[in-house]
Amino acid sequence: MNAAVSTGIFGGFMVLTVVLGLLAVRGKAGRGLTGWSVGGRSMGTVFIWVLMAGESYTSFSYLGAAGWGYNFGAPVLYVLAYMSCGYALGYVVGPMLWAYARRHRLVGITDMIAHRYRAPWLGAAVALLATVCLLPYIQLQITGMGVVVSTISYGAISLNWAYFLAFAVTTGFVVISGLRGSAWVSVLKDLLVIGTLGFLAIYVPLHYFDGYGPFLERLVYEKPQWLTFPGHASGGLGQVWFVTTTLVNSLTVVIFPTTVAGYLGARNAEALRSNALYLPFYNVLLFVPMLLGMAALFVVPGLTGADSNLALFKMVVDSLPAWAVGLVGAAAALSSIVPMAVFMLVIGTMWGRSVLGAIPRLNKGAAGAASGDGGGGTTDGRQKLWSQLVVVVAGALALLLTYTAPDTLVRLSLISYEGMAQLVPMLLLGLVWRRLTLHAAVSGLVAGFTLVCVLVFGGHDPVWGMNAGIVGLAVNVAVALVVTWLGPRATDERPDAEVLALDDEFPRDGVPQDGRVSPPASS
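Now for a look at the structure at hand.

Parameters at a glance
- Residues numbered from 1 in each chain as written.
- Predicted model: local features only at pLDDT ≥ 70, side-chain atom pairs only at ≥ 80, totals over all residues.
- Heavy atoms only, no water.
- Helix = DSSP H or I, 4+ residues; strand = E, 2+ residues; numbered from the N terminus.
- Rg over C-alpha atoms; globule rule 2.2 N^0.38 Å.
- Buried < 20%, exposed > 50% of the residue type's maximum accessible area, 1.4 Å probe, protein only.
- Contact = heavy atoms within 4.5 Å.
- Areas by Shrake-Rupley, 256 points an atom, 1.4 Å probe, with all protein chains shown as cover.
- Phe/Tyr/Trp six-rings, centres within 6.5 Å; stacked < 30°, edge-to-face > 60°.
- Axes fitted to C-alpha atoms, helices over the stretch in contact; angles between N-to-C directions.
- Parallel < 35°, antiparallel > 145°, perpendicular 65-115°, else oblique.
- Left-handed = near helix turned anticlockwise from the far one by under 90°.
- Nonpolar A, V, L, I, M, F, W, Y, C, P; charged D, E, K, R; others polar.
- Core = buried A, V, L, I, M, F, W, Y, C linked by side-chain atoms within 4.5 Å.

Attention now goes to the overall build of the protein. In terms of regular secondary structure, the protein is built from 23 helices and 0 strands. Taken over C-alpha atoms, the radius of gyration comes to 23 Å for the protein, in line with the 24 Å a tight globule of 523 residues would show. The principal-axis extent of the C-alpha atoms belonging to the protein is close to 70 × 50 × 45 Å. Counting all 523 residues of the protein, 58% fall into the buried class. Counting contacts in the protein only where the partners sit at least 6 residues apart, residues at least 24 apart contribute 83% of the total. Only carbon and sulfur atoms are counted for the fraction: they give 69% of the accessible area of the protein, which is about 19300 Å².

Quick look at the structure:
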């Protein structure tokens, strides 16, 4: 009976998810790649807020954050630190990238890089690198949702079926509705997340410890290692690691392809500035799974390995009625589906625009770029079709590897953030400093990414107590500067307004002062 009740409630929310995704596309289906991938650049503050909050609340929020709190304690606070710092940087970076993309009709970081350096091949190469870094996140969300569904169904739904359900629901609505569908589903997800985490923050301490006072007193006296750096058995995640990880992750998150997709979906730059102010308040909720993970040390002691990620859910299943378990499970599942949808959409957009969309013979017969009607006969329509196909392929590949070789993508996930950090100089420095040349940007990227791979896969992360990503980023910038000063000079004759993100591109009303819009990079 418990399994039937909790699974029925969960299933109802999954149906509602698909319905919301389909409703979001009404009247928007004919808007081509721009309408599908960045919501027609028409979303206001509320939709941008829930969409970008959706990316910060993934299955990690219910599983990994609680698991880190359970295993290590204090080091898990790096998540709050880097996200808050990233939002502060996003106050400046978001409007800059939005205005640059709007002016030149671009739909992602690969587009921006190809346009900045006049190198379509570089956009394709970055798409490949970003896919390597993003695919593990799809697999991790599939795995996270599978664990949640299997747990809240009291074992009635197997992991394999739960994995497939995650893939099917997400692919079903994102292929049709794109970024706008993800934003609509994020509204439902946020209501459930705020409600369930707010309830658990009050219920668990009262139910198991008679309040926060007794719980925190017991934590201080019995588990003091969990409250100080480097935490309990963390392998050296001390203060230096915390500071360097916060720095490199806050730089990375503002240019992460999924974050940029949120930027580009905004109606104007002011929506992004407001969003940067409001998002840190949402982060306060992340304290809940972190703290409850430490509460689980006393309630369900002895969890090891992957089981520690279930610390929060074991308490939920143990103490709550089936209907409440179903609600918490639906919130956690949607926290997997929304970011997974954006990851899949971004991979599809990068390949549809910068890789497959850049091959002339694949788009032969398409009439010009971008009237925006989204028909299959236009270049924009063809690129949208390619992007939707890649979404299905990327999701299916992640699902297949989840079944057959789960460790493959898990190992790649080790370099995901550190690897994406190596794009910061190429993108952000390149958009504000004209002297950064193509040779310099590529040389820095290769040097930084190679060093990160050597350090991480060689078991040297942290290195000298520092995050390996910050070491790679320092080498990246150094190499880029040296090659810029000593290497061949740039021969780009375009005016600054065509190459750089200038101040007049993102005034407070979000409209470029001269109103110019360049043709898309692919034309």
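Next comes the rest of the write-up.
Another point: the packing of aromatic side chains. Using the criterion set out here, one finds 17 aromatic pairs in the structure. Aromatic side chains Tyr 78 and Tyr 82 sit 5.9 Å apart centroid to centroid with 25° between the ring planes, which places their arrangement in the stacked category. Here Tyr 78 and its partner Tyr 82 are both found in helix α6 (residues 78-104), 4 residues apart, which amounts to about one turn of the helix. Ring geometry for Phe 209 against Phe 298: centres 6.0 Å apart, planes inclined by 85°, an arrangement best described as edge-to-face. Of the two residues, Phe 209 sits in helix α9 (residues 159-209) while Phe 298 sits in helix α14 (residues 287-299), which places them 89 residues apart along the sequence.

Another point: the packing of helix α8 (residues 120-152) against helix α17 (residues 379-404). In contact at an axis separation of 9 Å, α8 and α17 are set at 60° when each is read in the N-to-C sense. The orientation of α8 relative to α17 falls into the category oblique. Considering the relative orientation of α8 and α17, their crossing is right-handed. Only Ala 394, Gly 395, Leu 397, Ala 398, Leu 399 and Thr 402 of α17 make contact with α8, whose side of the interface consists of Leu 135, Ile 138, Gln 139, Ile 142 and Thr 143. Residue composition of the contact of α8 with α17, by class: 7 nonpolar, 4 polar and no charged.

Next up on the list: the nonpolar core. Ranked by size, the top nonpolar core spans 167 residues in total, and within it Tyr 62, Leu 97, Met 112, Ile 138, Leu 423 and Met 426 carry the most contacts. Those residues in contact with Met 112 that lie beyond four places of it in its chain are Leu 97, Tyr 100, Ala 101, Leu 106, Val 260, Leu 264 and Leu 427.

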